[in-house]
Amino acid sequence: MSVFKRLITILLAVCAVFSLTATANAVLPQTTYASVRDALAAEYEEGMDSLTVVFRTPQVIPNTDEAWEKWKNECLVDPVFEFSAECKRNGFSWLTYDAVSGKNRLIYEIILCFDSTVMENREDDAPAYHEYPSLEQALAAYVPGTLVYRISFSEPYVLAGMVKDAAGGWTPESEAAYKTFADQTLWQPLKNAGLYDAYVTGYYYSDYNETDQTLTITARELYFNAYSDELYRAALAETYAALEADSGKYNIDAPGKTRYEILDAINDYLCETVRYNEVVQESGSDKISAIMQTAYSALVAKETVCAGYAEALRVICEHYGIPCLYIGGLSYEGEECNLHAWNYVQMDDGNWYAVDTTWNDAGKISSDHYFLVGSSTYVGSGCTFSQDHAPSYAAGAALPALNATHYVPGTPAPAPQIRALSTDIAFVADGVRVDIDAYNINNYNYFKLRDLAALVNGTAKSFSVEWDAARSTIILTAGAPYAPLATDLQPGDGTHKIALQSAATLILNGEEITLEAYNIDGFNYFKLRDLCEAFDIGLTWDNATRTTGIDTSTGYIAGD
């Protein structure tokens, strides 16, 4: 999916369900209170169209219908009607159920109290909202603590030079122009405002003029959300404490814990403490609230959808130094195709694997069935993971290639790869120019071990080279003749190569020695200086002609 289409998908797919907005007459006042009565006494003024309340502390309610009705009437309905019979309640509750205590925990309840005359003059499903020419101006009027804020742009944005290719898609340059618009117009102002975990969603319309090559973007009903930094940070601290408790179930800070064990604990923790919001899922993509698209919903409210699971996993993994990407795309269940989100995690073998915490928690098979799987891993219903998950983009980085098979705990990390640069250094052996394969690695010249053995063979400096495959050992014997190979003394092809640090043991005259070596295309390369010192061979260097070489008639002199 192109960047342009991807950004449209993000904006159109997650329209907020909240109808909680400022009125046309004044910015909606909002703060936190212990009760609705406190809020009404402190904030409500005659003639004000609306009032928003967010409780300072979560309300704990026994998990029965009777208890909920009693609490609602005593704490919400009665105070409103005591204050004004003309007020009308509308709001949004966020409940999470604690199975241990058998009680509901009300994270927040938002109350809108409208004057009846105002309500009669507009449709209930189309409340008034402020209109600003830019997100910056909307932020300037923003009331700290507001959970949801609704705006629209007075003036459309016009992007010039938007060119389509022969297939009707945007050119890379046009995609880049649109991405710049989205970053600067939507995301950057929120970052500049210092809003934590802010998110933009809503609807917008665009019109492309092929003659003028302009894209006109008209934003309507665009929301931004800034969630409680205090609650979010407290939830993160609670999460880390639960994962790290010495006597707890996870204890991921214990010595010797592998990346696999840490990640397994994080996946289990989310599956055990977070509940999937079936109501939001069943209501359709146009009803998904923006708050569900963040880690906030999973970690604070303990109830979320796929995006919340994936964001929470990413945030926690980053805290523990595990590379983790949020992946957006499509999932297929039978004939159904849905927007979905999951994660790619890089394990200590250097490869990327998929984790779908949402589907692990859904209990499709088990809590770890979609844990560190590869593209070809069979996940049930006759499908591999890549057949029922189609990634569109990776948030925060390029989309990496997924490993074909699932991760096997204990898989060793690969040897680090290092660039070996083809060198232009000339080489002479006893005064004669020789074209051999040599590379520059970290500003040192490396030569093939067997090439040096072939060059000094038959001289007083000759040495033999043997390979013990069973022990991964190179055996060198000074003064012994060398058995040449057809691959010796071949010129290089002039290209750069990938070098792997050699793991072979080196034995010289019966004793183990340590020399830095790299394996390139199956052959071992050493620093020329180290080899000359080991076999007492004279080393030469001509700076004017950039020529190095060996002199078998002399011995090695340190510093030459």
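Calculation notes
- Residues numbered from 1 in each chain as written.
- Predicted model: local features only at pLDDT ≥ 70, side-chain atom pairs only at ≥ 80, totals over all residues.
- Heavy atoms only, no water.
- Helix = DSSP H or I, 4+ residues; strand = E, 2+ residues; numbered from the N terminus.
- Contact = heavy atoms within 4.5 Å.
- Areas by Shrake-Rupley, 256 points an atom, 1.4 Å probe, with all protein chains shown as cover.
- Expected span 1.5 Å × (residues − 1).
- Buried < 20%, exposed > 50% of the residue type's maximum accessible area, 1.4 Å probe, protein only.
- Pairing = 2+ DSSP bridges.
- Axes fitted to C-alpha atoms, helices over the stretch in contact; angles between N-to-C directions.
- Disulfide = S-S within 2.5 Å.
- Left-handed = near helix turned anticlockwise from the far one by under 90°.
- Nonpolar A, V, L, I, M, F, W, Y, C, P; charged D, E, K, R; others polar.
- Core = buried A, V, L, I, M, F, W, Y, C linked by side-chain atoms within 4.5 Å.
- Phe/Tyr/Trp six-rings, centres within 6.5 Å; stacked < 30°, edge-to-face > 60°.

Draft legend 1. Region of interest: the overall build of the protein. Of regular secondary structure, the protein possesses 15 helices and 32 strands. In the protein, once contacts between residues fewer than 6 apart in sequence are set aside, the share between residues at least 24 apart is 60%. Summed over all atoms, the accessible surface of the protein reaches about 27,000 Å², with 50% contributed by carbon and sulfur.

Draft legend 2. Highlighting helix α8 (residues 259-273). Its 15 residues give α8 an end-to-end C-alpha distance of 21 Å, which sits within 8% of 21 Å, the value for a rise of 1.5 Å per residue. What α8 keeps buried is the set Ile262, Leu263, Ala265, Ile266, Asn267, Asp268, Tyr269, Leu270 and Cys271.

Draft legend 3. Expanded view of the sheet that holds strand β12 (residues 324-333). Strand order in this open sheet of 5 strands is β15-β14-β13-β12-β18, and the pairing throughout is antiparallel. Edge strands, defined here as strands with exactly one partner in the open sheet, are β15 (371-373) and β18 (389-395). For this sheet, the mean inter-axis angle between neighbouring strands, taken without regard to orientation, is 35°. As paired elements, strand β13 (residues 336-346) and strand β14 (residues 352-355) share 4 bridges and run antiparallel to each other.

Draft legend 4. Just the state of the cysteines, in detail. If you walk through the whole model with that rule in mind, you get 0 disulfides. Not engaged in a disulfide, the cysteine cysteine 324 finds its nearest cysteine sulfur in cysteine 317; these two sulfurs lie 4.2 Å apart.

Draft legend 5. Local environment of the packing of α8 against helix α11 (residues 306-319). Where α8 meets α11, the closest approach of the two axes is 11 Å, and the angle between their N-to-C directions is 145°. For the crossing formed where α8 meets α11, the hand is right-handed. Every residue of α11 that contacts α8 at Leu263, Ile266 and Leu270 is listed here: Tyr309, Ala312, Leu313, Ile316 and Cys317. Looking at side-chain class alone, the contact of α8 with α11 contains 8 nonpolar, no polar and no charged residues.

Draft legend 6. View of the sheet that holds strand β21 (residues 432-433). Overall, mixed pairing links the 4 strands, which are arranged β21-β20-β32-β31 in an open sheet. Of all the strands in the sheet, the pair left with one neighbour each is β21 and β31 (538-542). As paired elements, strand β20 (residues 426-429) and strand β32 (residues 547-551) share 4 bridges and run parallel to each other. In the sheet register, alanine 429 faces β32, and the bridge partner there is isoleucine 550.

Draft legend 7. The nonpolar core, seen in detail. Core analysis: the largest hydrophobic core is formed by 35 residues, its most contacted members being Leu243, Leu263, Ile266, Leu270, Leu299 and Leu372. At the level of secondary structure, the elements contributing two or more residues to this core comprise α7 (229-244), α8, α10 (295-301), α11, β14 and β15. Beyond its immediate chain neighbours, meaning those up to four positions away, isoleucine 266 contacts Leu243, Leu313, Ile316, Cys317 and Tyr320. Counting 28 residues, the second largest nonpolar core, distinct from the first, contains Ala438, Phe463, Ala517 and Leu528.

Draft legend 8. Examining the pairing of β32 more closely. With respect to burial, β32 is a largely interior element, 4 of its 5 residues being buried. As defined by bridge partners, β31 adjoins β32 across 5 bridges and the pair is classed as antiparallel. The partner of leucine 539 across the bridge, within β32, is isoleucine 550. Linking β31 back to β32 in an antiparallel pair, the connection comprises 4 residues, with arginine 546 at a positive phi of about 50°.

Draft legend 9. Region of interest: the packing of aromatic side chains. This structure, assessed with the given rule, holds 16 aromatic pairs. Ring plane angle 90° and centroid distance 5.7 Å describe the contact between tyrosine 240 and tyrosine 320, whose orientation is recorded as edge-to-face. Within this pair, whereas tyrosine 240 is found in helix α7, its partner tyrosine 320 is found in the loop between α11 and β12, the two being separated by 80 residues in sequence. Both residues of the pair, tyrosine 240 and tyrosine 320, belong to the buried class. On the basis of an interplanar angle of 55° and a centroid distance of 6.4 Å, the ring pair of tyrosine 370 and phenylalanine 385 is categorised as tilted. Linking tyrosine 370 in the loop between α12 (357-361) and β15 with phenylalanine 385 in helix α13 (residues 385-388), this pair joins segments that are 15 residues apart in sequence. For phenylalanine 385, a relative accessible area of 1% gives the class buried.

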